[in-house]
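The chain contents come next:
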Amino acid sequence: MTNLELSWALAEMGDLLELKGEEAFKVRAYHRAARALEHLEEEAAGLHVRGELERIPGVGKNLAKKIAELLETGRSTFLEQLRQEVPPGLRDMLAVPGLGAKSVRLIHQHLGITTLEELERAARERKIRRLPGMGSKTELAILRGLDMLKEHRDRVPLGIARPLGRLFCRQIAALPGVTRVEVAGSLRRGRPMVGDVDLLVGVKGPTEVKEVMARHPQVKEVLQEEANRLSLRTWAGVKVEIFLVPDDKFAPAWMYLTGSRAHLEELKRFTAGGRLSPESLGLPSNLEEVAASFSSEEELYSRLGLPYIIPEWREGRGEVLAAREGRLPAPLSPEDIKGDLHVHTCYSDGLHTIREMVEAARARGYRYLAITEHSRSLVVARGLNVEQLLAQREEIARINRELEDFVVLSGIEVDILPDGCLDLEDDILASLDIVIASIHSGFNQTEEQIMARLEAAMRHPWVDIIGHPTGRMLGRRPPYAVNLERLLELAAETGTILEINASPDRLDLDEDAARRAKEHGVILAVNTDAHDTARLDDMGYGITVARRGWLGAQDILNTRELDGVLKALKRNKRKWGQGSPPREERPRP
DNA sequence: GCCGTTTTCGGCCCGACTGTTTTCAGTCG
């Protein structure tokens, strides 16, 4: 069992314990251990063999025993017992914004409600408001929350679907008779929310893929089974579709299952009667015939006279014609990224030290890293005051003196306060290498108020980047009242860089906004906002957003070498004009 | 539940916001 699966199991235990009404600190212990496992560099299985599970931070005797059972048997009697005791629908109800465990318990105890459908009915029938401590506003908030969930009904964020897909791929690939396994569908196209995890399995000879996956410990139920298809639902509620194809039909099947339908339609229109006739290319006159006879996607596109169209573009948004006319950029790739400009450390609410973050960044081939903690008003996140910030700047300077091939930038993620002021004084902001400004409070302000705050920040001389510009949390919180067009105009006018926050909880800006930003000539930075070393890998999600927004390396700030990055920052344009930074001004000794 | 130590149990993230209630509880970041 992998760390990720262990983490999921512990998180589920934590949720179920909370719903049972367990003490908050105990609940938190499970969630903390789940987080530790998710971000563990080493496989827990290895630790277990050496009897060192308790070396995992947040894991003591008790949790070590539960983890050991999971590792040895793939199951947990404790978890199975909890699942018996707590109706599974209650965990779904926790996902309703504004509903916590206490309210879910109250609603369950008084009204016997165990599913989201029953919850909605009760709210519509005005039964919730009659419960002690509940009122009409709570009831309306629940209905609003349910609406928001429904928008993503049965949809899973990419941040959950992608790791699950990769995990299942690895496990299926190890089974006999399997020649190849790949993800397909909207997951492969990188949509921010996907309906299910589509897996395509190439097989040769007999195989037990279906049998093994049907009794996989992650799997709650088999939804449907056919000769070449298995449909499952995991305990986390994710639908998984496994398709089996003979090895030699893999490429056409992969193409077809990746879609999207709209893209395949676009391809069809292109080959049949578009400006290019299939006959003139010596091709069969319909896509099906072409599709039946190619051994790779590259070959298919090439035979259609097209450059390869990456899965992220296959949405039927004009990509076929754009490809034909050479209007698609060379897609952004992980190798293009030279550094991360937004990370946290244990100075504020991060997990790791500056040095640990730096080492992790270097291990990923980066050339620079900007340390950007929260500012003082964000007390929950242990935001830094001036003294702490100066101390951190000192430490960064020390680290920079030791580093040969890498530069740490001293920055801040300063709060844009509800009145539009920044949370730190100008002279402090001026003395840093880079300043990100973000909104973390006053989410319910009007568009006028929000835009006034953002405008003030963007017009501020020392604000280089706006962090997570719309504030959305995928499937959990709508964006605050941002006028996107105005935001882009202001960014272009003031030379402010906008962030594509790569955290899979946010993906903010989103792909459409990113594409519009490019049209406005706005520079974007893909940042992870990582709070620990492992989350530096979230960069992949941000790259997916950029690719889906038809962006290339030239559109992204942190594909540049450090000099290029510094030159693009508003602060330095003022100081240096259009030229290069004078050597003594560069943030390295 | 874990952790640290004061080695046997008390502290663990805290303040803003909202809604309900009229002094506080629950949720969230």
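Residues numbered from 1 in each chain as written. Chains lettered and ligands numbered in written order. Predicted model: local features only at pLDDT ≥ 70, side-chain atom pairs only at ≥ 80, totals over all residues. Heavy atoms only, no water.

What exactly am I supposed to notice about the overall build of chain A here?
When its secondary structure is counted, chain A shows 26 helices and 14 strands. In terms of overall size, chain A behaves like a compact globule, its C-alpha atoms giving a radius of gyration of 26 Å where 589 residues would be expected to give roughly 25 Å. Principal-axis analysis of the C-alpha atoms places the extent of chain A at approximately 70 × 70 × 55 Å. Counting across all 589 residues of chain A, residues that qualify as buried make up 52%. A separation threshold of at least 6 residues defines the contact pool for chain A, and within that pool the share at least 24 residues apart is 68%. (Helix = DSSP H or I, 4+ residues; strand = E, 2+ residues; numbered from the N terminus. Rg over C-alpha atoms; globule rule 2.2 N^0.38 Å. Buried < 20%, exposed > 50% of the residue type's maximum accessible area, 1.4 Å probe, protein only. Contact = heavy atoms within 4.5 Å.)

Even after reading the chapter, I still don't get helix H14 (residues 261–271), so can you show me in this structure?
Structural remark: α-helix, 3.6 residues per turn; residues separated by three or four positions point the same way. Among all positions in H14, only His263, Leu264, Glu266, Leu267, Phe270 and Thr271 are buried. Along the axis of H14, the buried residues cluster in a sector spanning 155 degrees; they form a single face. Structural note: H14 exposes Arg261 and Arg269 on the side pointing more than 90 degrees away from its buried face. (Arc of directions from axis to C-beta.)

I tried to follow helix H23 (residues 511–519) on my own but got confused; where do I start?
Of all the residues in H23, the buried ones are Glu511, Ala513, Ala514 and Ala517. Taken end-on, H23 shows its buried residues confined to a sector of 160 degrees, consistent with a single buried face. Against the buried residues of H23 lie helix H22 (484–494), strand E13 (497–501), strand E14 (524–527) and helix H24 (539–548). A side-chain oxygen of the first residue of H23 lies 3.2 Å from the backbone nitrogen of aspartate 512; this N-cap is aspartate 510. A positive phi of about 75 degrees marks glycine 521, the residue just after H23. (Polar contact = N/O pair within 3.5 Å; in protein donor to acceptor, adjacent residues only side chain to side chain.)

Can you walk me through the sheet that holds strand E11 (residues 434–438) in this structure?
In a beta sheet, neighbouring strands pair by backbone hydrogen bonds and run either parallel or antiparallel. Strand order in this open sheet of 7 strands is E8-E9-E10-E11-E12-E13-E14, and the pairing throughout is parallel. Bordering the open sheet on either side are strand E8 (339–343) and E14, each of which pairs with just one other strand. The pairing of strand E10 (residues 407–415) with E11 spans 5 bridges and is parallel. Paired with glutamate 413 across the bridge in E11 is isoleucine 436. (Pairing = 2+ DSSP bridges.)

Even after reading the chapter, I still don't get the side chain of serine 186, so can you show me in this structure?
As for its position among the elements, serine 186 is in helix H11 (residues 185–189). Judged by relative accessible area, which is 12%, serine 186 ranks as buried. Non-local contacts of serine 186, meaning those with residues more than four positions away in its chain, are made with Arg191, Val194 and Gly195.

What exactly am I supposed to notice about the sheet that holds strand E2 (residues 178–184) here?
The strand order across the open sheet formed by 5 strands is E2-E4-E7-E6-E5, and the pairing between neighbours is mixed. Each end of this open sheet is capped by a strand with a single partner; those strands are E2 and strand E5 (219–226). Across the sheet, the mean angle separating the axes of adjacent strands is 20 degrees when strand polarity is ignored. As paired elements, E5 and strand E6 (residues 229–234) share 6 bridges and run antiparallel to each other. The partner of glutamate 221 across the bridge, within E6, is arginine 233. The strands that helix H13 (residues 250–258) touches are E2, strand E4 (196–203) and strand E7 (239–246); relative to E2, the one it contacts most, it runs at about 15 degrees. (Axes fitted to C-alpha atoms, helices over the stretch in contact; angles between N-to-C directions.)

It is not clear to me how the nonpolar core should be interpreted in this structure. Could you clarify?
Nonpolar side chains tend to gather and get buried jointly when the protein is soluble and globular. The biggest cluster of nonpolar side chains holds 93 residues, and the ones touching the most others in it are Ile242 and Leu454. Top contributing element to this core by residue count: helix H10 (residues 158–173), with 7 residues. Both domains that furnish three or more residues to this core are identified here as domain 2 (156–252) and domain 4 (334–577). The residues touching isoleucine 242, leaving out its near neighbours within four places in the chain, are Ile172, Leu199, Val201, Val209, Met213, Asn228, Arg229, Leu230 and Leu232. (Core = buried A, V, L, I, M, F, W, Y, C linked by side-chain atoms within 4.5 Å. Domains from an automatic or database assignment.)

Please explain the packing of aromatic side chains as it appears in this structure.
Each aromatic ring pair is summarised here by two numbers: the centre-to-centre distance and the angle between the ring planes. Per the counting criterion, the structure on display carries 4 aromatic pairs. Relative to phenylalanine 78, the ring of tyrosine 30 has its centre 6.2 Å away and its plane inclined at 20 degrees; by these criteria the two rings are stacked. With a gap of 48 residues between them, tyrosine 30 in helix H2 (residues 24–38) and phenylalanine 78 in helix H5 (residues 77–85) connect regions that are remote in the sequence. Using a relative accessible area of 7% as the deciding quantity, one classes tyrosine 30 as buried. Centre to centre, the rings of tyrosine 301 and tyrosine 308 are 5.8 Å apart; their planes meet at 85 degrees, and the pair counts as edge-to-face. For tyrosine 301, a relative accessible area of 0% gives the class buried. Here the basic side chain of arginine 83 rests over the ring of tryptophan 235, its NZ or CZ set 3.3 Å away from the ring centre. (Phe/Tyr/Trp six-rings, centres within 6.5 Å; stacked < 30°, edge-to-face > 60°. Lys NZ or Arg CZ within 6 Å of the ring centre and 35° of its normal.)

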